[in-house]
Amino acid sequence: MKTLRRTPLALAVLGLCSLGLHGTALAQSNADLLKELQELKSRVQQLEKQLTAAPAAAAPAASAIDPEEFNRIRLKVEAQEDATESMGFKGLRISGMMDPTFVANKNRGTSSFAFLNNFDGQENSGTGDAYAYDNSYFGMLMLDFQKETESGQKWRFTMAPHKSANSGFNVGSIVHEASVSIPVDGPNTRLIAGQLPDWSGYEYYFANQQPLISHNLLFDFTIPSYYSGAGMEFINGKWDTKFLVGNINQTLKDPTDKTVGLTFRSDYAQSEFSGLGFAGTHTFNTTKRINLFEVDGYYTRGDLSFQAQAGQGSAEGLASNGGRASWTGTSFLLGYKLNPRLQLTGRYDTIWNTKNGGGVLGTAFDNAGGFTSDTRNGFGPAYDSSGNVIDANKGVNRYALAVGLNYLLTPNHTPGSGLWSTGTWIKTELRYDGANGNVFLGSDGHYREGSLMFLSSIVFAF
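Residues numbered from 1 in each chain as written. Predicted model: local features only at pLDDT ≥ 70, side-chain atom pairs only at ≥ 80, totals over all residues. Heavy atoms only, no water.

**Some remarks on the packing of aromatic side chains**
Then, number 1: Following the criterion strictly, the structure yields 14 aromatic pairs and no others.
Then, number 2: Centre to centre, the rings of F102 and F113 are 5.3 Å apart; their planes meet at 65°, and the pair counts as edge-to-face. Highlighted residues: F102 in strand β2 (residues 101-105) and F113 in strand β3 (residues 110-114), separated in sequence by 11 residues.
Then, number 3: F113 gets classed as exposed once you look at its relative accessible area, which sits at 66%.
Then, number 4: Aromatic pair Y348 and Y399: ring centres 6.4 Å apart, planes at 35°, arrangement tilted. Here Y348 is found in strand β15 (residues 342-352), whereas its partner Y399 is found in strand β16 (residues 398-411), with 51 residues between them in sequence.
Then, number 5: In textbook terms, an aromatic cluster arises when at least three aromatic residues are bridged by ring pairs, as seen for Y131, Y137, Y205 and F219.
Then, number 6: Over the ring of F273 we find R301; its NZ or CZ atom is 3.9 Å from the centre of that ring.
Then, number 7: A cation sits over an aromatic face here: R398 above F379, 5.3 Å from the ring centre. (Phe/Tyr/Trp six-rings, centres within 6.5 Å; stacked < 30°, edge-to-face > 60°. Helix = DSSP H or I, 4+ residues; strand = E, 2+ residues; numbered from the N terminus. Buried < 20%, exposed > 50% of the residue type's maximum accessible area, 1.4 Å probe, protein only. Lys NZ or Arg CZ within 6 Å of the ring centre and 35° of its normal.)

This is the structure:
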């Protein structure tokens, strides 16, 4: 049997053989397999360059390499690459998240763990609960599949049982997103289609993408949940602009519904530390006319982070008195890292909402029974001490203040994937929701101006 001389080139071949044997002995994940493939290919390329560039004087050292062993390693690399592609792993990324959450609401007299509970409002859902500020997108489970082909086509399928973007509208659906992105004229001009979650504002749906547990008032009540349709995306330098034409909060319209929805978003990455964005949604139907517009921005530098959002909207027939609802809102979030793992965050939201008795896109009024308020979320007319509506045509203004701590228990950070990507966090939050009138119905049957809530969660993301 031939032997290898102890030259740097020979040692590299020995290391490569060891890496190949190690990869055979251990069960690998998709990410590990791809990483090893890249390392094997890189080392083979290095060896080829050294053999090609070796001077005549170094010929004896180069000839000491066993050609059979070298070819075996090359075949192993090619076989692993073919296997990865044939099994569909090439260009595939799988990620997931879960965040069991404890929620205690003093005014409502409730305290419970929330995990995989519905908010579709149906009796057969177990609790019959509805979407609310204390039952928003937390206590979730999410699994995300993303695939990109060599031609640049992107496919995404995200599942979120019980709390997907459309579960409040399509009972039993676990689909949060099912979309495709197809390059039309190069990678920066794309056709997009499918079901997509709303892209307004600075907050995201999932717990591993934001520091607090609850969501701001604008996210919860003034923007759509999802869209289904088709549109385009254009990337030009620091600008990323997209639009979609189709259904708003619907997967399939009733044949008599002639409403056409248009939604758009444009982002400007001013620098690596800051950026601006704006988004809007409009429906073209006189009986179901909705007009929404918001602008948001962020600044992150060192331990400090700041995010802000301002929005205005109106919707036909969604006010407490059955008229047109109209509102203006703002949200500000400030975060500071006390140490590399511990962050303190504060957020303040406001919604001005007096017209026609109040009402926003996400409130639920029973106009068939007369004037009423959304007494759980604090929208609509105020009540007097006897439980009577004071002025059915004047709604209250809302605000919310939230303060929270999140601690990175187990780092699992992927370079370039952002602050809230992978790992394990422990979060706590104290939040007060208030209004300028008695509109929150308590467990004792009395109406109050505010409601105090405590939340705690464990977030795991990979």
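Moving on from the coordinates now.
**Focus: the pairing of strand β1 (residues 92-98)**
Then, number 1: Summarising the sheet, β1 and strand β4 (residues 141-148) pair through 7 bridges and their orientation is antiparallel. Bridge pairing in β4 links S95 to D144.
Then, number 2: Bridge count between β1 and strand β20 (residues 450-461): 2 bridges; the pairing is antiparallel. Bridged to M97 within β20 is A461. (Pairing = 2+ DSSP bridges.)

**As for the pattern of salt bridges**
Then, number 1: Per the counting criterion, the structure on display carries 14 salt bridges.
Then, number 2: For K90, the salt bridge is made with E150, and the minimal N-O distance between the two is 2.6 Å. Here E150 lies in the loop between β4 and β5 (154-159) and K90 lies in the loop between α4 (67-86) and β1, a separation of 60 residues in the sequence.
Then, number 3: For D267, the salt bridge identified is with R265, shortest N-O distance 2.9 Å.
Then, number 4: Given a relative accessible area of 6%, R265 falls into the buried group.
Then, number 5: Ionic contacts of the salt-bridge type, sharing partners, join the residues R265, D267, E294 and D296 into one network. (Salt bridge = Lys/Arg side-chain N within 4 Å of Asp/Glu carboxyl O.)

**As for α4**
Then, number 1: Its 20 residues place the ends of α4 28 Å apart at the C-alpha level, agreeing with the 28 Å of an ideal helix rising 1.5 Å per residue.
Then, number 2: Taken as a whole, α4 has its buried residues at F70, I73, K76, V77, Q80 and T84. Taken down its axis, α4 places every buried residue within 120° of arc, on the same side. Seen from the buried face of α4, the exposed residues on the opposite side, beyond 90 degrees, are E68, L75 and S86.
Then, number 3: Two residues or fewer after α4 comes G88, characterised by a positive phi angle close to 80°. (Expected span 1.5 Å × (residues − 1). Arc of directions from axis to C-beta.)

**So, a nonpolar patch on the surface**
Then, number 1: A contiguous nonpolar patch, built from Y299, L304, F306, F332, L334, Y336, L338, L344, Y348, L401, V403 and L405 and spanning about 1000 Å² of accessible area, is present on the exposed surface.
Then, number 2: Elements that contribute at least two residues to the nonpolar patch include exactly β13 (304-315), β14 (325-339), β15 and β16.
Then, number 3: Per-element accounting of the nonpolar patch gives the leading share, 4 residues, to β14.
Then, number 4: Of the residues examined, Y348 reaches a relative accessible area of 38% and is grouped as partly exposed. (Patch = residues over 30% accessible without salt bridge, like charges linked within 9 Å, V, L, I, M, F, W, Y side chains within 5 Å. Areas by Shrake-Rupley, 256 points an atom, 1.4 Å probe, with all protein chains shown as cover.)

**Section: unusual backbone geometry**
Then, number 1: Located in the positive-phi region is H162, a residue other than glycine, with phi close to 75°.
Then, number 2: Note on placement: H162 falls in the loop between β5 and β6 (175-183).
Then, number 3: Here the phi dihedral of N249 falls at roughly 60°; this positive angle occurs in a residue that is not glycine.
Then, number 4: Along the chain, the position of N249 falls in the loop between β9 (239-248) and β10 (261-268).
Then, number 5: A residue is classified by how much of its surface remains accessible, and N249, at 15% relative accessible area, is buried.

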